[in-house]
Amino acid sequence: MSAFLEGVEKRAFKQAVYALRTDEAALDAVQDAMLKLSASYGDRPAGEFPMLFQRILQNVIYDALRRQKVRNTWTALLSSFVSEDEDETDALDVLTANSDAASADAPHRQFERARTLAAIEREIARLPNRQREAFLMRYWEEMDISETAAAMGCSEGSVKTHCSRATQTLAAALKAKGIVP
């Protein structure tokens, strides 16, 4: 169990950051998902952990998004009663891409690679939730269509549709930025 959790930790964190937009919320979500997996499914075979963990993580993320929505609604309603002008600005998470393998390349290539990866990550973060989920599970987590469908709680056809739309949206957005394969 511990080896699995160590192996999935960074990818799960990145996935949660894409959905929740803050490091703190993402860390909480990943920790909750890991605890729920170990507490409820620790006796299951190790082969079942990836799908179970993805499903648990998605449910934790959805719960956090629901709480954020309710909190934001109440904050907006209550703030209309406050006469003070409080400037609340949300800091945007800036995703940086560090590549250990890039150290052998020239500095300008490292910069271009980091800039390209940051643009790709920003565009992934802009995808609708279901498209982002399907895309990350299929292409980042390398889950097959049936595993992704089971983890997302939808049909295999829906997974294919979400992945197709995500790749088309990403390709168009990156092409518009001048990033082509």
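Quick note: structure is the one above.
Keep in mind that what you see is a predicted model, and the values were worked out from it rather than measured.

A. How the structure looks around the overall build of the protein. Of regular secondary structure, the protein possesses 7 helices and 0 strands. Per-residue burial for the protein yields a buried fraction of 32% across its 181 residues. Pairs at least 24 residues apart make up 64% of the contacts formed inside the protein by residues separated by at least 6 positions. Split by element, the accessible area of the protein, about 11700 Å² in all, is 53% carbon and sulfur.

B. Spotlight on helix α4 (residues 107–126). With 20 residues, α4 extends 29 Å between its outermost C-alpha atoms, agreeing within 8% with the 28 Å of an ideal straight helix rising 1.5 Å per residue. Within α4, the full set of buried residues consists of Ala118, Ala119, Glu121, Glu123, Ile124 and Ala125. Where α4 is buried, its residues touch α1 (2–20), α5 (129–140) and α7 (156–176).

C. A look at the side chain of His162. Examined against the element boundaries, His162 turns out to sit in helix α7. When near neighbours in sequence (up to four residues on either side) are disregarded, His162 contacts Arg130, Gln131, Ala134 and Met152.

D. The pattern of salt bridges, seen in detail. As enumerated under the stated definition, the model contains 8 salt bridges in all. Ionic pairing is found between Arg11 and Glu141, a salt bridge with its closest N-O pair at 3.2 Å. On the criterion of sequence distance, the pair formed by Arg11 in helix α1 and Glu141 in the loop between α5 and α6 (145–152) is long-range, its members being 130 residues apart. For Arg11, a relative accessible area of 30% translates into the label partly exposed. We note a salt bridge from Lys14 to Glu121, for which the minimum N-O separation is 3.4 Å.

E. Fine view of unusual backbone geometry. Even without being a glycine, Arg21 presents a positive backbone phi close to 75°. Here Arg21 lies in the loop between α1 and α2 (23–41). Backbone geometry at Glu142 places phi at a positive 60°, although glycine is not the residue there. Position of Glu142 among the secondary structure elements: in the loop between α5 and α6. On the basis of relative accessible area, Glu142 is assigned to the exposed category, the value being 67%.

F. Structural view of the packing of α5 against α6. The geometry of α5 relative to α6 is characterised by a closest axis approach of 10 Å and an angle of 140° between their N-to-C directions. As the angle between them shows, α5 and α6 are arranged oblique. For α5 against α6, the interelement crossing comes out right-handed. On α6, the residues that touch Arg130, Glu133, Ala134, Met137 and Arg138 of α5 are Ile145, Thr148, Ala151 and Met152. The class makeup of the residues in the contact of α5 with α6 is 5 nonpolar, 1 polar and 3 charged.

G. Molecular detail of the nonpolar core. Membership of the largest hydrophobic core comes to 21 residues, with the highest contact counts inside it found for Leu37, Phe53, Leu57 and Ile61. For this core, the elements supplying multiple residues, two or more each, are α1, α2 and α3 (49–79). If we skip the residues at most four places from it in the chain, Ile61 touches Gln15, Ala16, Ala19, Leu20 and Ala29. Of all hydrophobic cores here, the second largest spans 9 residues; its members include Met137, Ala149, Cys154 and Cys163.

H. Highlighting a negative patch on the surface. There is a patch of like negative charges on the surface, built from Asp23, Glu24, Asp28 and Asp32. Along the chain, Asp23 falls in helix α2.

Thresholds, definitions, all that
- Residues numbered from 1 in each chain as written.
- Predicted model: local features only at pLDDT ≥ 70, side-chain atom pairs only at ≥ 80, totals over all residues.
- Heavy atoms only, no water.
- Helix = DSSP H or I, 4+ residues; strand = E, 2+ residues; numbered from the N terminus.
- Buried < 20%, exposed > 50% of the residue type's maximum accessible area, 1.4 Å probe, protein only.
- Contact = heavy atoms within 4.5 Å.
- Areas by Shrake-Rupley, 256 points an atom, 1.4 Å probe, with all protein chains shown as cover.
- Expected span 1.5 Å × (residues − 1).
- Salt bridge = Lys/Arg side-chain N within 4 Å of Asp/Glu carboxyl O.
- Axes fitted to C-alpha atoms, helices over the stretch in contact; angles between N-to-C directions.
- Parallel < 35°, antiparallel > 145°, perpendicular 65-115°, else oblique.
- Left-handed = near helix turned anticlockwise from the far one by under 90°.
- Nonpolar A, V, L, I, M, F, W, Y, C, P; charged D, E, K, R; others polar.
- Core = buried A, V, L, I, M, F, W, Y, C linked by side-chain atoms within 4.5 Å.
- Patch = residues over 30% accessible without salt bridge, like charges linked within 9 Å, V, L, I, M, F, W, Y side chains within 5 Å.
- Lys, Arg positive; Asp, Glu negative; His and termini not counted.
- Charge placed at Lys NZ, Arg CZ, Asp CG, Glu CD.

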